[in-house]
Amino acid sequence: MKPKVFVSRRIPQPGLDIVEKECEVKINPYDRVLTRGELIEGVKGIDGLLCLLTDTIDGEIMSVNTNLRIISNCAVGYNNIDVDEATKRKIMVTNTPGVLTDTTADLAWALLMSIARRIAESDKFTREGKFKGWAPMLFLGSDVHHSTLGIIGLGRIGQAIAKRARGFEMRILYTDVIRAPKEVEDELGAKFVSLDELLSSSDFVTIHAPLFPETHHLIGETELKKMKKTAYLINAARGPLVDEKALVQALQERWIAGAALDVYENEPDLAPGLSQLDNVVIVPHIGSASTATRERMATMAATNLVAGLKGEVPPNLVNKEVLD
Ligand code: DGY
């Protein structure tokens, strides 16, 4: 008998093909995030769940099905899953690391360039028919080349950001809970500093840290006030890393020059006032959104799921303790 699987939202076909070959599959029939009640219904009677970062998978969801063996998240971040609870219940949790690194780094760079050179603002201006010819003071922005980049979190994505920064001949600072090996620092030309030094010295601060209780509101009022008035904040990691209410105030009162965001504290809602600001670029959590990368993520999530259901150790098992 094939194992039973629930896919909480349609993912790219290459991933579905893998799951459909090996499992009996139910898929969310709607093109939207499921309600809590629908998710609970979906989880009943299955062996494996393939879910997305928009699904909150907590103890309540897990408790409706004591036979659940694996939760495969189609994302590298897994803050939407209560991993401790899953481990207690001997449920494997997997994610999709590596395959979205470059795509997400590209997007973070696009955000950085957009806010520095006022691309979104000037695109809107041009579409509105306001362009009356070249002008010496039109949309003056900030130089990216030869400026200082501060990377918070020098993991896979942080390193990919640093590699791109070398092409712009930037000075690269980073901070992390663990200092990177010397070879990595040398290869990237990145200098390890404290968070305070990074905030006060960088022209661009970009966040690439995971969201844990300890990193919640890593950047709040105090940190924003430590940044240069001419600096920009970029967040393509997770919204709750930044206190979005404090950020809106920082942008309104010009504690910093601008921000460019792919992620939000209470997605899909935005903090009041954010979308009215000119000194912010906002895009709808599209960091990994290239066709090729989303296919790779779907394939990886499906491969993890099927491996776990076959009794193998999934390649991207997050909670290895579950095997003890
Ligand atoms: C992830 O995988 O965590 C990304 O945010 C998805 O775009």
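Predicted model only: the values in this text are computed from it and were never measured. (Residues numbered from 1 in each chain as written. Predicted model: local features only at pLDDT ≥ 70, side-chain atom pairs only at ≥ 80, totals over all residues. Heavy atoms only, no water.)

Examining the site of the ligand
For step 1, the next point in the chain: Around the ligand, the structure places Leu-53, Ala-75, Val-76, Gly-77, Leu-100, Arg-238, His-285, Ser-288, Arg-294 and Met-297.
For step 2, the next point in the chain: Take Val-76: an N or O atom from its main chain is 2.7 Å from an oxygen atom of the ligand.
For step 3, the next point in the chain: At 2.7 Å from an oxygen atom of the ligand is found a side-chain nitrogen or oxygen belonging to Ser-288.
For step 4, the next point in the chain: Computed on the free molecule, the ligand has an accessible area of 230 Å², of which 92% lies beneath the protein chains in the complex.
For step 5, the next point in the chain: In terms of residue class, the shell around the ligand is made up of five nonpolar, three polar and two charged. (Near = heavy atom within 4 Å. Polar contact = N/O pair within 3.5 Å; in protein donor to acceptor, adjacent residues only side chain to side chain. Areas by Shrake-Rupley, 256 points an atom, 1.4 Å probe, with all protein chains shown as cover. Nonpolar A, V, L, I, M, F, W, Y, C, P; charged D, E, K, R; others polar.)

Regarding the packing of aromatic side chains
For step 1, the next point in the chain: Here the structure, examined in full by the defined rule, presents four aromatic pairs.
For step 2, the next point in the chain: Both rings, one in Phe-125 and one in Phe-139, keep their centres 5.0 Å apart while their planes meet at 80°; by these two values the pair is edge-to-face. Separated by 14 residues along the polypeptide, Phe-125 in helix α6 (residues 119–127) and Phe-139 in the loop between α6 and β6 (148–152) bring together distant segments of the chain.
For step 3, the next point in the chain: Between Phe-204 and Tyr-232, the aromatic rings sit 5.3 Å apart at their centres with planes inclined by 15°, giving stacked as the arrangement. With a gap of 28 residues between them, Phe-204 in strand β9 (residues 204–207) and Tyr-232 in strand β10 (residues 232–235) connect regions that are remote in the sequence. Tyr-232 shares its class with Phe-204; the two are buried.
For step 4, the next point in the chain: In this structure, Arg-32 is placed above the aromatic ring of Tyr-30, and the distance from its NZ or CZ to the ring centre is 4.2 Å. (Phe/Tyr/Trp six-rings, centres within 6.5 Å; stacked < 30°, edge-to-face > 60°. Helix = DSSP H or I, 4+ residues; strand = E, 2+ residues; numbered from the N terminus. Buried < 20%, exposed > 50% of the residue type's maximum accessible area, 1.4 Å probe, protein only. Lys NZ or Arg CZ within 6 Å of the ring centre and 35° of its normal.)

Some points on the sheet that holds strand β5 (residues 92–94)
For step 1, the next point in the chain: Spatially, β2-β1-β3-β4-β5 is the arrangement adopted by the five strands of the open sheet, whose pairing is parallel. The two strands at the open ends of the sheet, each matched to only one other strand, are β2 (24–27) and β5. Across the sheet, the mean angle from the axis of one strand to that of its neighbour is 15°, orientation sign disregarded.
For step 2, the next point in the chain: Taken strand by strand, helix α1 (residues 13–22) contacts β1 (4–7), β2 and β3 (48–51), and its axis lies near 135° from that of β2.
For step 3, the next point in the chain: Each of β1, β2 and β3 touches helix α2 (residues 36–43); the most contacted strand, β1, lies at about 160° to it. (Pairing = 2+ DSSP bridges. Axes fitted to C-alpha atoms, helices over the stretch in contact; angles between N-to-C directions. Contact = heavy atoms within 4.5 Å.)

Let's talk about the domain arrangement of the chain
How big an interface is tends to be reported as the loss of accessible area on association of its parts.
For step 1, the next point in the chain: What the domain assignment reports for the chain is domain 1 (4–99 + 291–323) and domain 2 (101–282).
For step 2, the next point in the chain: Placing a centre on the C-alpha atoms of domain 1 and another on those of domain 2 gives a separation of 31 Å.
For step 3, the next point in the chain: In this assembly, nine residues from domain 1 lie in contact with five residues from domain 2.
For step 4, the next point in the chain: In total, domain 1 and domain 2 occlude about 610 Å² of area from one another, counting both sides; carbon and sulfur atoms represent 46% of this.
For step 5, the next point in the chain: One can count zero salt bridges joining domain 1 with domain 2. (Domains from an automatic or database assignment. Buried area = accessible area lost by both parts, 1.4 Å probe. Salt bridge = Lys/Arg side-chain N within 4 Å of Asp/Glu carboxyl O.)

So, the environment of Leu-211
For step 1, the next point in the chain: Relative to the helices and strands, Leu-211 is located in the loop between β9 and α10 (221–226).
For step 2, the next point in the chain: Judged by relative accessible area, which is 15%, Leu-211 ranks as buried.
For step 3, the next point in the chain: Sequence spacing of Leu-211 and Asn-80 is 131 residues, and the spatial spacing of their C-alpha atoms is 9.7 Å.
For step 4, the next point in the chain: Ignoring anything within four residues of it in the chain, the contact list for Leu-211 reads Asn-79, His-216, Arg-238, Pro-240 and Leu-241.

Describing helix α11 (residues 244–252)
Residues three or four positions apart in an α-helix share a direction because the helix packs 3.6 residues into each turn.
For step 1, the next point in the chain: Among the residues of α11, those classed as buried are Glu-244, Ala-246, Leu-247, Val-248, Ala-250 and Leu-251.
For step 2, the next point in the chain: Its side-chain oxygen at 3.2 Å from the backbone nitrogen of Lys-245, Asp-243 defines the N-terminal cap of α11.
For step 3, the next point in the chain: Of the residues trailing α11, Arg-254 is marked for its positive phi of about 60°.

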